[in-house]
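Structural overview for review
Chain by chain, the residues run as shown.
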Amino acid sequence: MDNPVPPSAAGSGPRRRDRHGRGMRGPIAPPQVPLAASRAEAFADLVQDSVERLERRWPQLADIDFLVLEVPRLDGPGRAWNDEAVPLGGTIPARDGRHARVVIYRRPVEIRTKGRDERAALVHEVVVEQVAELLGLTPETVDPRYGED
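Residues numbered from 1 in each chain as written. Predicted model: local features only at pLDDT ≥ 70, side-chain atom pairs only at ≥ 80, totals over all residues. Heavy atoms only, no water.

A cluster of acidic residues, Glu-41, Asp-45, Asp-49 and Glu-52, forms a negative patch at the surface. Here Asp-49 is to be found in helix H1 (residues 39-55). (Patch = residues over 30% accessible without salt bridge, like charges linked within 9 Å, V, L, I, M, F, W, Y side chains within 5 Å. Areas by Shrake-Rupley, 256 points an atom, 1.4 Å probe, with all protein chains shown as cover. Salt bridge = Lys/Arg side-chain N within 4 Å of Asp/Glu carboxyl O. Lys, Arg positive; Asp, Glu negative; His and termini not counted. Charge placed at Lys NZ, Arg CZ, Asp CG, Glu CD. Helix = DSSP H or I, 4+ residues; strand = E, 2+ residues; numbered from the N terminus.)

In structure tokens, the structure reads:
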């Protein structure tokens, strides 16, 4: 059989395989496996777990938006650099038809923790404190186990 397309010369065009001829590497784990989750996704899951834990006791939390941001912004009005500690979270009250918001800052929390369990405990503590501030309650009222760790 005659092939009308001549073979391409070695070295021309993009490489389709690695140098050992075994093909390109695939992902280490499929997307549904927790290993494939990024640190940001894993952190958002910790926040969601904490919120779900609190929603059983406080159903009104369904009307509050929970956000995860990398770091706090310090460039707005009334915000300036100072010697105080970096905040781990914050609240934005409801207004103009928007829901109230609780914001958790990922990087400051991650820097202060060493492992997943310690991070989960700190995330829950920050979520409880911010919800308490938003609802005008004490953290112990929002979660009776607050501060036991």
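Bringing unusual backbone geometry into the picture now. Of note, the phi angle at Asp-96 is positive, near 50°, even though the residue is not glycine. Within the fold, Asp-96 resides in the loop between strand S2 (89-92) and strand S3 (100-105).

Here we come to the confidence of the model for the protein. Per-residue confidence for the protein gives a mean pLDDT of 83; residues scoring 70 or more make up 72%. Mean pLDDT values over the elements of the protein span from 93, in S2, up to 96, in S3. (pLDDT = per-residue confidence, 0-100.)

With that out of the way, let us pick up the sheet that holds S2. Consider a sheet: its strands pair through backbone hydrogen bonds, and that pairing is either parallel or antiparallel. Ordered in space as S1-S3-S2, the three strands form an open sheet in which the pairing is mixed. Pairing within the sheet leaves two strands with one partner each, and these edge strands are strand S1 (64-69) and S2. Going across the sheet, the axis of each strand differs from the next one's by a mean of 20°, ignoring polarity. Bridge count for S1 against S3 is six bridges, and the pairing is parallel. Residue pairing in the sheet places Ile-64 in a bridge with Ala-100 of S3. Across the sheet, H1 touches S1 and S3, and the angle it forms with S1 is around 155°. (Pairing = 2+ DSSP bridges. Axes fitted to C-alpha atoms, helices over the stretch in contact; angles between N-to-C directions. Contact = heavy atoms within 4.5 Å.)

Turning to the environment of Arg-39, a few remarks are in order. Its place among the elements puts Arg-39 in helix H1. The exposed category is assigned to Arg-39, whose relative accessible area is 59%. The spatial distance from the C-alpha of Arg-39 to the C-alpha of Glu-110 is 9.5 Å, given a sequence separation of 71 residues. (Buried < 20%, exposed > 50% of the residue type's maximum accessible area, 1.4 Å probe, protein only.)

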